[in-house]
Amino acid sequence: MSERDAQVIWLPEHESNPFCRSVTPPKSMDDQFRRLWRKPNYSTKERDLPPHLRRFCVLRLRDYMDPLTRQLDLAERLDMAVLSGYVGRNPTTLEYRRGLIASAESLARADAKGSASRGFAPSARQSESMIGFSILGCPGMGKTVTVERVLQSYPQIVEHNLGETITQVPYLKIECPSTGSPKAFCLSFFHALGERLQTDFIGTLKLNRKAGDVLMPYVQHYAYLYALGVLVVDEIQHLRQASQGPEILMNFFVAMSNAIKVPVVLVGTMAALDIFQLDFRSGRRASGIGNQYWDRLQKDAEWDAFIKEMWSYQWTREPTDLDDDISEALYDESQGVIDIVIKLFIFTQLRVIVSAEADEEADQSEAMTADLIHEVASQDLRMIAPMIQALRSGDQRAIERFEDLAPLARHLEDTILTITGQPASEIRQRLALKEAAAEAAAATADRDAAVLAILKVFKLSVAVEQEILAEVRERHPSGDIATVCAAAAELVQARNAKTITPVKRKLADQIVAPGDLRDILQAAKSDGRTGYDAFLAAGVVKHPLADLAT
């Protein structure tokens, strides 16, 4: 038993099924939260980083997710759908193998007739409802990203050696074609399956040549053959564009789920609600384990908790406290749409960081305010302004016209590409000024060094050197090295000329004490004697032969 298996409790219907055990055990809500939570790497020390690095830090919020209750519920429903679907397809049972044979025979009949056969029933335990469910709601509320994060926690492919190799594909996610065409849908399915298994199903089976109703049994057979766990169909509102109406594909989803136990999860905007309401029977059967309707957040405790957590990730130089005005501004400009409020928070941080960098000398504050949020929204969210206005008005028909927030996502990427938000001419001018200042500082340092070297020659005190250097700077602030060195030398000479030198007295004018050598010498000169004779007579020196006579 693996370590993973030892930490969970399996229900009997899951424990005996290799397909179930290879995907996921039932999870607690704590586990679901950890599975979905995406918080950015963050440290308050990063606020001290240079502006260009902090801007990149802000972009970590693009993947931010603080799971809401509805997202936890969606994650659990997906797990339920997958595990419930596999319960009816246990590869260790004879029933499963009979299902493979029935699927192949159904496909052969469809090929022979050139149209769809009436299908097959591999399981005697059938119901009239799908195992899957649908999730509809306002764009930007995290439906698709939540589904994708749950699916990404499943393995992509599992190989089972049960006497013969069985390849299991736990999930596939495709978009409903914009035309709503059954054939386009089936080809999208085989394109996704081929990418997962590295196989060209479309070319090998010549599927492009087949009609849509013939392709449907192919989808059904290969979904069963490769033990597909769940089929997620996004952008289901595109079915409204189907020339033959949405009923064909809707009925196919129900039939596939009912016949081969592959759950189908339909994801779309509220515009798809009409598809379910057109045919009450199809709508009821497409809600096997319940439908979800995701409206935008209301300004209540859930909104407050979400904003409080998100607001803690600030890379501005100084953090801004979250107050009622800021919360109100965020809600007014996003109308409770999660994707919009996160991107608005990103845009606002980028704006204050860029603005402060552009005016470094003014030491501009990087505080975020309610007024700034409104200003950023008016500029950076203008492409979705009609949607925001529709949400403010509560006009459901107007809201349904907006199928996704792709324009906002593209705008965010465009903003990243031009992250400074400043004209190139301003950047060029600012850099030129910085370079000029750096060159001036370097030149000043070189001039000072040259002047001090000249002053060292004169052996002046440090204090005098600094006085002369300051005077040279004042007189010649932009002079070249030759000019300032010459000026320094002139200042030294001028100082020396002002210095008072003591006047030496003549020897005759000097007063000396009796018996002093200078007195003896002066008396000898008066008498016409030599200095030696005077010193000899005074006993100051001896006669050269005196020592020999003794």
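That block above? That's the structure.
Read on for a plain summary of the structure. (Residues numbered from 1 in each chain as written. Predicted model: local features only at pLDDT ≥ 70, side-chain atom pairs only at ≥ 80, totals over all residues. Heavy atoms only, no water.)

## A short note on the pattern of salt bridges
As enumerated under the stated definition, the model contains 18 salt bridges in all. For the salt bridge of D31 with R34, the shortest nitrogen-to-oxygen distance reads 2.6 Å. You can see D31 and its partner R34 sitting in helix 4 (residues 29–36), 3 residues apart, about one turn around the helix. When salt bridges that share partners are traced, they join R54, R317 and E366 into one network. (Salt bridge = Lys/Arg side-chain N within 4 Å of Asp/Glu carboxyl O. Helix = DSSP H or I, 4+ residues; strand = E, 2+ residues; numbered from the N terminus.)

## A short note on the packing of aromatic side chains
Taken as a whole and assessed by the stated rule, the structure comprises 20 aromatic pairs. Centroid distance Y96 to Y224: 5.3 Å. Interplanar angle 20 degrees. Geometry classified as stacked. Placement of Y96 in helix 7 (residues 94–113) and of Y224 in helix 11 (residues 212–225) is noted, with a sequence separation of 128 residues between them. On the accessibility criterion, Y96 (2% relative accessible area) is buried. Each residue in the set Y42, Y64, F306, Y313 and W315 is aromatic and connected to the rest through ring pairs, giving one cluster. For the cation-ring pair, R21 lies above W10, with the distance from its terminal atom to the ring centre recorded as 5.0 Å. Across the ring face of W294, the terminal group of R70 is positioned such that the distance to the ring centre comes to 5.9 Å. (Phe/Tyr/Trp six-rings, centres within 6.5 Å; stacked < 30°, edge-to-face > 60°. Buried < 20%, exposed > 50% of the residue type's maximum accessible area, 1.4 Å probe, protein only. Lys NZ or Arg CZ within 6 Å of the ring centre and 35° of its normal.)

## A word on helix 5 (residues 51–58)
Those residues of helix 5 that sit buried are P51, R54, R55, C57 and V58. Projected down its long axis, helix 5 shows its buried positions confined to an angular sector of 155 degrees, all on one face. Contacts made by the buried residues of helix 5 are with helix 17 (338–358). (Arc of directions from axis to C-beta. Contact = heavy atoms within 4.5 Å.)

## Structural notes on the sheet that holds strand 7 (residues 292–294)
Spatial strand order, 4-5-6-1-7: 5 strands in an open sheet with parallel pairing. Where the open sheet ends on each side, the last strands, each with one partner, are strand 4 (171–175) and strand 7. Strand-to-strand twist across the sheet, computed as the mean angle between neighbouring axes with direction ignored, equals 15 degrees. One ladder, built from 4 bridges, connects strand 1 (residues 133–137) with strand 6 (residues 264–268); its direction is parallel. Bridge assignment links S134 to a residue of strand 6, and that residue is L266. Relative to strand 4, helix 9 (residues 182–197) is tilted by about 135 degrees, and along the sheet it contacts strand 4 and strand 5 (230–234). Along the sheet, helix 12 (residues 247–260) contacts strand 5 and strand 6; its crossing angle with strand 6, the most-contacted strand, is approximately 145 degrees. (Pairing = 2+ DSSP bridges. Axes fitted to C-alpha atoms, helices over the stretch in contact; angles between N-to-C directions.)

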